[in-house]
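Observations on chain architecture
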Amino acid sequence: MAEYRFFADGFEERVSDYLSNKPEADVELEFAVPEKDFNTAGKGSSELKNLLKRLGVDSEILRRIAVASYEAEINVAAHSQGGVMKSAVHDELIHVSFIDSGPGIGDIEQAMVPGFSTADDLVRELGFGAGLGLPNIKKNSDAMRIVSQEGGSTTLEFLIFF
Ligand SMILES: Nc1ncnc2c1ncn2[C@@H]1O[C@H](COP(=O)(O)OP(=O)(O)OP(=O)(O)O)[C@@H](O)[C@H]1O
Ligand SMILES: [Mg+2]
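This report concerns the structure included in the present document. (Residues numbered from 1 in each chain as written. Chains lettered and ligands numbered in written order. Predicted model: local features only at pLDDT ≥ 70, side-chain atom pairs only at ≥ 80, totals over all residues. Heavy atoms only, no water.)

Observations regarding the overall build of the protein chain
Helix and strand counts for the protein chain stand at six helices and six strands. Starting at the N terminus, the α and β elements of the protein chain follow one another as β-α-β-α-α-β-β-α-α-α-β-β. In summary, the protein chain has a C-alpha radius of gyration of 15 Å against a globular reference of 15 Å for 162 residues, a match within 12%. Taking the principal axes of its C-alpha atoms as reference, the protein chain extends roughly 40 × 30 × 25 Å. Each of the 162 residues in the protein chain was classed as buried or not, and the buried ones make up 45%. At a minimum sequence separation of 6, the contacts of the protein chain that also span at least 24 residues come to 68%. Here the protein chain displays about 8600 Å² of accessible surface, and carbon together with sulfur accounts for 47% of that area. Taken as two groups, the 15 positive and 27 negative side-chain charges of the protein chain have centres that lie 4 Å from each other. (Helix = DSSP H or I, 4+ residues; strand = E, 2+ residues; numbered from the N terminus. Rg over C-alpha atoms; globule rule 2.2 N^0.38 Å. Buried < 20%, exposed > 50% of the residue type's maximum accessible area, 1.4 Å probe, protein only. Contact = heavy atoms within 4.5 Å. Areas by Shrake-Rupley, 256 points an atom, 1.4 Å probe, with all protein chains shown as cover. Lys, Arg positive; Asp, Glu negative; His and termini not counted. Charge placed at Lys NZ, Arg CZ, Asp CG, Glu CD.)

In structure tokens, the structure reads:
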């Protein structure tokens, strides 16, 4: 099992406070992300964006959440056998997780390199496969974590503070 962690400057302590308190979410959303179904993929991110807009989340924060969740959702559809997107909205932050059912990421450090992609022809024809999704998730998150088992499941989660 391999793990990748990232914290934006100054956020590590806030994240560890949040994780150690394990507070109950104010709102939770869950969406299935089916494999290679690009009509459905993106729906979860778009519903999440609508919800946060209704809750009055600042537009720049909203943009970062929308970008990160869309990239992660497309990755599950494009590169995995399908999975689920779970969002937990708290007072001061949002925690979004993507859990898929494989086949895992062989080398996470390599997957994080801008331009690296294993996207197949179908995915490339649809305009994906620039190898920029994971770096973009990192750029827009306050904290990010990937846990993956080669041949098994991948979990990608990120936190963005309001
Ligand atoms: N959930 C996943 N399961 C398995 N492999 C993944 C998963 N997410 C990402 N990857 C691997 O990491 C690589 C890089 O992902 P990234 O999102 O940066 O680029 P991409 O999806 O290939 O292209 P783009 O996001 O620019 O359309 C992917 O090509 C794939 O090999
Ligand atoms: Mg991608």
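A short note on the packing of aromatic side chains
A full pass over the atoms with the stated rule returns three aromatic pairs. Aromatic side chains phenylalanine 38 and phenylalanine 128 sit 5.5 Å apart centroid to centroid with 25 degrees between the ring planes, which places their arrangement in the stacked category. Here phenylalanine 38 is found in the loop between β2 (27–33) and α2 (43–54), whereas its partner phenylalanine 128 is found in the loop between α5 (121–125) and α6 (133–140), with 90 residues between them in sequence. Residue class for phenylalanine 128 comes out partly exposed when judged on its relative accessible area of 24%. (Phe/Tyr/Trp six-rings, centres within 6.5 Å; stacked < 30°, edge-to-face > 60°.)

Observations regarding the packing of helix α3 (residues 59–79) against α6
Helix-helix packing is characterised by the crossing angle of the two axes and by the distance between the axes. Direction vectors running N to C along α3 and α6 enclose 150 degrees, while the axes themselves pass 9 Å from each other. Judged on the interaxial angle alone, α6 and α3 are roughly antiparallel. Pair α3 / α6 crosses with left-handed handedness. In contact with Arg63, Arg64, Val67, Ala68, Glu71, Ala72 and Asn75 of α3, α6 contributes Gly133, Leu134, Asn136, Ile137 and Asn140. (Axes fitted to C-alpha atoms, helices over the stretch in contact; angles between N-to-C directions. Parallel < 35°, antiparallel > 145°, perpendicular 65-115°, else oblique. Left-handed = near helix turned anticlockwise from the far one by under 90°.)

Concerning the site of ligand 1
Neighbouring ligand 1 are 19 residues, the closest being His79, Ser117, Thr118, Gly129 and Leu132. Within the contact set of ligand 1, an oxygen atom lies 2.7 Å away from a side-chain nitrogen or oxygen of histidine 79. Separating an oxygen atom of ligand 1 from a backbone N or O atom of alanine 130 is a distance of 3.2 Å. Across the complex, the protein chains shield 92% of the 600 Å² of accessible surface that ligand 1 would expose by itself. (Near = heavy atom within 4 Å. Polar contact = N/O pair within 3.5 Å; in protein donor to acceptor, adjacent residues only side chain to side chain.)

Geometric descriptors of this kind do not, in isolation, establish any biological role.
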